[in-house]
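# Notes for the structure review
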Amino acid sequence: MESKYNYFKRDISWLSFNYRVLLEALDERLPLYERINFISIYSSNLEEFYKIRVADHKAVASGATESDEETVQSARELVEEINKEVTRQLDDRVRIYEQKILPALRKNHIIFYQDNHVEPFHQQFIKDFFREEIFPYLQPVPVSKDKIVSFLRDNRLYLAIRVYPKKEEKNKGEETKENIEKYTGECINERNDGEGIKVGMEAARPNVTDLRQPLYFVMKQPYAKVPRFIELPSREKNHYLMFTEDIIKANLNLIFPGYDVDSSYCIKISRDADILIDDTASSADLVAQLKKKVKKRKIGDVCRFVYDRAMPSEFLDFLVDAFRIQRDELVPGDKHLNLEDLRHLPNPNKSLHSLEKPKPMKLTVLDEKESIFNYVAKKDLLLYYPYHSFEHFIHFLYEAVHNPETREIMVTQYRVAENSAVINTLIAAAQNGKKVTVFVELKARFDEENNLATAEMMQAAGIKIIYSIPGLKVHAKVALIRRRGLNGEKIPSYAYISTGNFNEKTATLYADCGLFTCRKEIVADLYNLFRTLQGKEDPKFTTLLVARFNLIPELNRLIDREISLADEGKQGRIILKMNALQDPTMIDRLYEASEHGVQIDLIVRGICCLIPGQSYSRNIRVTRIVDSFLEHARIWYFGNDGTPKVFMGSPDWMRRNLYRRIEAITPVLAPDLRDNLIEMLDIQLADNQKACWVDDKLQNIFKKRTPGTPAVRAQYTFYDWLNQKDN
């Protein structure tokens, strides 16, 4: 039956979130290089979006795959809508970069050469640097419509170059063409004609009103050998930077002697990075499939051809035909592509301050001399990363390794850091005679190879490895320390349920929560969950909410309770914090609750398909927070007539999380910890510095600070609140 409600399109909503990331580059309260980094994050996010989401839609649009969620026509229309919105955002990205960032750099005595004349005192340096550091690694490849198509590597920058034979050599055109093609195997002698340097638009565009035929080349940028950004000699108090491709453009005449260089433009290809595997395969077959298919990721189908939008149409048409690009794969870009590299932009002005982010706190009650086991045996413990140090969790595992009563350590692994302290501690436990069981999710996108290599290393150390469940992903972030007294008596075991991965690197970047507890009901449920992952029994959960088992029924019961309260004239109240809200069934339940008068606040960082501001959503508000850390925690609050119920764990309200993954959510039962989470939600809803309303047109409307009220920047305000509370 068709729903009476409407929803935002998932991918258009995601583009709204990514645009909000870009808007951080406008915030002049932030250190300059922090603003530049947000342009990098925006660009990196967009690259992955095309490799996965747009690639999937294009596969449906072409008829290569079938989907229950969209038709060939709707997929084509969605790709067109996505490209249109990305192109619109490009205008703003260029404006922010050129009109805000570059002038701010100049104000701080950093001159970042763009397509304009460089200063005379740098011209010889640029020529010399090109000859000595770049030229040996360049190899232009001829492009022709009627020859074998050159393979463009995924996400690599290329220069597309158009040249014309010089007039005086027009009778030797074929001979010169042979010489230039020979360059693909050997370097051509340099030619110094003494011309001044001009970046981007070459020194002398020829008059091509004659009948000279153009030649086209592509040339991969040698960033494995040369940095993307080059620091030029300083002058007085000014520092100078330059893109490597601009240095190459300025010296193209040395690469193509006997030719007039007409123009050159950056291009790049994005390729489908999704891995299609048989999800019903056994563990052994899955491992074999992944080892084989991950290697093919970089040669996937084209999903995006990005080009400098200043490129003339006839130049673009030639490339489209020569590389057999589909028109719906064309996405215009700026003159400089791959701006995710801006995270590596040198900062030659050491007086520029970096952002003073909150430093992870170590709880005084959990210093290295204090046993976490002893503390948690008395009361539950809730840590907030990155405000609290992830070393506390490492210490928790370390205690388990050396505790003689530890019987078994059980952990899920979704995304793990390289050279992980978590993994090293688990290996130490196995070598110390402990039984260690780790469930490894091999299908964690872009982490397949790392997870597989880590699993094989753990297996070699004697750890029992359980691989992915056929047809499912395990996204739960849980750990269990099972203990027994030395004389066989029962003693407390320990459960840990988190909203984030066991990854010490992301624990400094992502805002997450982790709960330590000895509560018998939670420990028993978690043990049943691990037995389920091993295929040993059909579990029943009394306290934990586990996707595919009891999560959806309990969510419906909790929402029904708030609706009943509102119908009785009492306050119905729901606050949901998550990364993404997409499942139509659960959105419908929120719409229904709103129609009954339940007051609902959503704190959703990314995708939000619920449309606020409609008659059926008039009691729902959507807040988005983008700041120093990536908001990653999933926390759910239900008012329950003054006795709140608060939950935390791993799932978002996406179809995949609720129906196709194993996810774990725990109620926070300790009143003080429950109140702490409520305080965090209240602070986030009060944010008037980094929070936006998401309106019914997917616009990010910054919340305004009411005169006379304090400034609330949620991440920093909450850190200060924790710091005062813990000390």
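What you are looking at is a predicted structure, and each value in this text was computed from that prediction instead of being measured.

Reading the values: rules and limits
Residues numbered from 1 in each chain as written. Predicted model: local features only at pLDDT ≥ 70, side-chain atom pairs only at ≥ 80, totals over all residues. Heavy atoms only, no water. Helix = DSSP H or I, 4+ residues; strand = E, 2+ residues; numbered from the N terminus. Buried < 20%, exposed > 50% of the residue type's maximum accessible area, 1.4 Å probe, protein only. Contact = heavy atoms within 4.5 Å. Areas by Shrake-Rupley, 256 points an atom, 1.4 Å probe, with all protein chains shown as cover. Axes fitted to C-alpha atoms, helices over the stretch in contact; angles between N-to-C directions. Parallel < 35°, antiparallel > 145°, perpendicular 65-115°, else oblique. Nonpolar A, V, L, I, M, F, W, Y, C, P; charged D, E, K, R; others polar. Pairing = 2+ DSSP bridges. Core = buried A, V, L, I, M, F, W, Y, C linked by side-chain atoms within 4.5 Å. Salt bridge = Lys/Arg side-chain N within 4 Å of Asp/Glu carboxyl O. Polar contact = N/O pair within 3.5 Å; in protein donor to acceptor, adjacent residues only side chain to side chain.

## Considerations on the overall build of the chain
- A count of helices and strands for the chain gives 19 helices and 28 strands.
- Burial statistics for the chain: of 727 residues in total, 59% are counted as buried.
- Long-range contacts, defined here as pairs at least 24 residues apart, represent 78% of the contacts in the chain between residues at least 6 apart.
- Carbon together with sulfur atoms contributes 48% to the accessible area of the chain, which is approximately 31600 Å² in total.

## Here we look at the packing of helix α15 (residues 551–567) against helix α16 (residues 584–595)
- One can describe the packing of α15 onto α16 by two numbers: an axis separation of 10 Å at closest approach and a directional angle of 10°. It follows that α15 is roughly parallel to α16 by the angle criterion. Residues Ile-552, Leu-555, Asn-556, Ile-559, Asp-560 and Ile-563 of α15 lie in contact with α16, whose contacting residues are Met-586, Arg-589, Leu-590, Glu-592 and Ala-593.
- In terms of residue class, the contact of α15 with α16 is built from seven nonpolar, one polar and three charged.

## What to know about the sheet that holds strand β1 (residues 110–113)
- Here we have three strands laid out as an open sheet, ordered β1-β6-β5, and mixed in their pairing. Strand pairing shows two members of the sheet lacking a second neighbour, β1 and β5 (229–235), which therefore form its edges. When strand polarity is set aside, the average angle formed by the axes of neighbouring strands in this sheet is 25°.
- Those strands touched by helix α3 (residues 72–107) are β1 and β6 (238–243), and its axis lies near 135° from that of β1.

## Observations regarding the nonpolar core
- Within the largest apolar cluster, 84 residues are counted, with the highest numbers of intra-cluster contacts made by Leu-581, Leu-590, Leu-602, Leu-610, Trp-636 and Trp-653.
- Here this core takes eleven residues from helix α2 (residues 32–61), the largest share from any one element.
- Apart from the residues within four sequence positions on either side, Leu-610 is in contact with Phe-8, Leu-581, Ile-587, Leu-590, Tyr-591, Leu-602, Ile-620 and Val-622.
- The next biggest cluster of nonpolar side chains, apart from the first, holds 43 residues, and it includes Leu-381, Leu-383, Val-411 and Ala-455.

## Here we look at the pattern of salt bridges
- Tallied over the entire structure, the rule returns 48 salt bridges.
- The closest approach of N and O atoms between Asp-328 and Lys-58, which form a salt bridge, is 3.1 Å. Within this pair, whereas Asp-328 is found in the loop between α9 (313–322) and β9 (330–333), its partner Lys-58 is found in helix α2, the two being separated by 270 residues in sequence.
- Exposure remark for Asp-328: the relative accessible area of 35% places this residue in the partly exposed category.
- Among the ionic pairs, Lys-577 bridges to Glu-631, the shortest N-O distance being 2.8 Å. Placement of Lys-577 in strand β19 (residues 573–578) and of Glu-631 in strand β22 (residues 630–631) is noted, with a sequence separation of 54 residues between them. Glu-631 shares its class with Lys-577; the two are buried.
- Connected through salt bridges with shared partners, the residues Arg-20, Glu-24, Asp-27, Arg-29 and Lys-690 form a single ionic network.

## Looking at the pairing of strand β8 (residues 302–308)
- Counting buried positions over the seven residues of β8 gives seven, a clear majority of the element.
- Here strand β7 (residues 259–271) runs beside β8; their pairing, made up of five bridges, is antiparallel. The partner of Lys-268 across the bridge, within β8, is Val-306.
- Where β8 meets β9, four bridges bridge the pair, whose relative direction is parallel. Residue pairing across strands places Asp-308 opposite Gly-333, the latter belonging to β9.

## Focus on the side chain of Arg-212
- When you line up the elements, Arg-212 lands in the loop between α5 (173–182) and β4 (215–220).
- Among the residues examined, Arg-212 registers a relative accessible area of 11% and is labelled buried.
- Only 2.5 Å separates the side chain of Arg-212 from the backbone oxygen of Pro-165, close enough to count as a polar contact.
- Among the polar contacts made by the side chain of Arg-212, one reaches the side chain of Asp-260 at a distance of 3.1 Å.

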